[in-house]
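Coordinate inspection notes
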Amino acid sequence: MVNKYVRLTLACALAVLTAISAQIQFKLGPVPYTMQNFAVILSGLLLGRFGALAQLVYLSMVAIGIPAGAGFKGGIGVLLGYTAGYLWMFPVSAFIMGLIREGIYRKGSLRELMILWIGSVIAVIPLYLVGFAVFYRFASGCSEFMTRCCYMADYFGLNLSPFWAVFFVSVMIFLPQDIFMDHVIAIIVFRYLHELLRQRGYDLP
């Protein structure tokens, strides 16, 4: 069993990993794409429901001004900006992923890994829904944001209404890489670290 000190150490390490993954970014539109989904999913996989703790530590780092947000940004303003909805849901998504892992993972079979992958898709639903809702609130009050969203949709050959253009730019455009790369990498890393911890006498909760 992982004792509270090991759990806290892992939570802090995963918070730092989330901060690092925030800097691996590129922009397709107003919302930057980062590798943070990888860290959020890995938090839940490694710590179970306590994965939320790692993400709360990360949000605390941002809140007190540590430049842990995308683009080395920090401060309360980051947690109140147009991408805040995604950040608010990091602990929720990590918690959901953790519950799924606790209920599913036993021997690391291919079937278990596939269920974990499906579970990772479920875990990020609140992240994207709240992220979209907050971003849309900002975009609907800012003609520049709305214009950029519509431009991006047109760039991909999509003739969408402003609402769906924002949904495309803030959700749909990120799903392929999140689901088929970030989540897969998180599961592979988890499987390796789980075995490594087990060999050292630490069984994850």
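The rules behind these values
Residues numbered from 1 in each chain as written. Predicted model: local features only at pLDDT ≥ 70, side-chain atom pairs only at ≥ 80, totals over all residues. Heavy atoms only, no water. Buried < 20%, exposed > 50% of the residue type's maximum accessible area, 1.4 Å probe, protein only. Helix = DSSP H or I, 4+ residues; strand = E, 2+ residues; numbered from the N terminus. Contact = heavy atoms within 4.5 Å. Phe/Tyr/Trp six-rings, centres within 6.5 Å; stacked < 30°, edge-to-face > 60°. Lys NZ or Arg CZ within 6 Å of the ring centre and 35° of its normal. Axes fitted to C-alpha atoms, helices over the stretch in contact; angles between N-to-C directions. Parallel < 35°, antiparallel > 145°, perpendicular 65-115°, else oblique. Left-handed = near helix turned anticlockwise from the far one by under 90°. Nonpolar A, V, L, I, M, F, W, Y, C, P; charged D, E, K, R; others polar. Patch = residues over 30% accessible without salt bridge, like charges linked within 9 Å, V, L, I, M, F, W, Y side chains within 5 Å. Areas by Shrake-Rupley, 256 points an atom, 1.4 Å probe, with all protein chains shown as cover. Salt bridge = Lys/Arg side-chain N within 4 Å of Asp/Glu carboxyl O. Polar contact = N/O pair within 3.5 Å; in protein donor to acceptor, adjacent residues only side chain to side chain. 1 Å grid on protein atoms, 1.4 Å probe; cavity = no way out; pocket = protein on both sides within 12 Å on 5 of 7 lines; lining within 4 Å. Points joined across faces, edges and corners; volume = space filled by probe spheres on them.

**Brief notes about helix 9 (residues 162-172)**
Every buried residue of helix 9 is listed here: A165, V166, F167, F168, V169, S170 and V171. Structurally, helix 9 contributes buried residues whose contacts are with helix 4 (84-88), helix 7 (125-140), helix 8 (143-155) and helix 10 (175-199).

**Topic: the side chain of H194**
Inspection of the secondary structure assignment puts H194 in helix 10. We classify H194 as buried; its relative accessible area is 16%. Here H194 is in contact with Y105 and L204, once residues within four sequence places are set aside.

**A word on the packing of aromatic side chains**
Summed over the entire model, instances satisfying the criterion amount to 16 aromatic pairs. In this structure an aromatic cluster arises from ring pairing among F132, Y136, F163, W164 and F167. Of note, R7 hangs over the ring of F50, and the distance from its end group to the ring centre comes to 4.0 Å.

**Describing the packing of helix 5 (residues 90-104) against helix 6 (residues 110-123)**
As a packed pair, helix 5 and helix 6 sit with axes 9 Å apart at the nearest point and diverge in direction by 155 degrees. By the criterion of interaxial angle, the relationship of helix 5 to helix 6 is roughly antiparallel. The two elements helix 5 and helix 6 meet at a crossing, and its hand is right-handed. Judged by residue contacts, S93, I96, M97, I100, R101 and I104 of helix 5 engage E112, I115, L116, G119, S120 and A123 from helix 6. Here the residues of the contact of helix 5 with helix 6 are counted per class, giving seven nonpolar, three polar and two charged.

**A short note on the packing of helix 2 (residues 36-47) against helix 3 (residues 51-63)**
As a packed pair, helix 2 and helix 3 sit with axes 7 Å apart at the nearest point and diverge in direction by 140 degrees. What the angle tells us is that helix 2 and helix 3 run oblique. Here Q36, A39, V40, S43, G44 and L47 of helix 2 lie close against helix 3, whose contacting residues are G51, A54, Q55 and Y58.

**Observations regarding a nonpolar patch on the surface**
Nonpolar side chains collect at one region of the surface, where Y151, Y155, F156, L158, L160, F163 and W164 lie side by side and expose about 740 Å² of accessible area between them. Residue assignment for the nonpolar patch shows that the elements contributing at least two residues are helix 8 and helix 9. Topologically, L158 is positioned in the loop between helix 8 and helix 9. Given the relative accessible area of 31%, L158 is considered partly exposed.

**Things to note about the environment of E195**
Within the element layout of this structure, E195 appears in helix 10. Look at E195 and you get partly exposed, because its relative accessible area is 31%. Residues E195 and F180, spaced 15 residues apart in sequence, show a C-alpha to C-alpha distance of 23 Å. At a separation of 2.5 Å, a polar atom in the side chain of E195 contacts the side chain of R198.

**Concerning the layout of surface pockets**
Estimated volume of the largest pocket: approximately 500 Å³. Elements with a contribution of two residues or more to the lining of the largest pocket: strand 1 (25-27), strand 2 (32-34), helix 2, helix 4 and helix 7. Considered class by class, the residues forming the lining of the largest pocket number 12 nonpolar, nine polar and three charged.

**Examining unusual backbone geometry**
Positive phi is not limited to glycine here, since F72 has a value of about 55 degrees. Along the chain, F72 falls in the loop between helix 3 and helix 4. The exposure class assigned to F72 is exposed, which follows from its relative accessible area of 58%.

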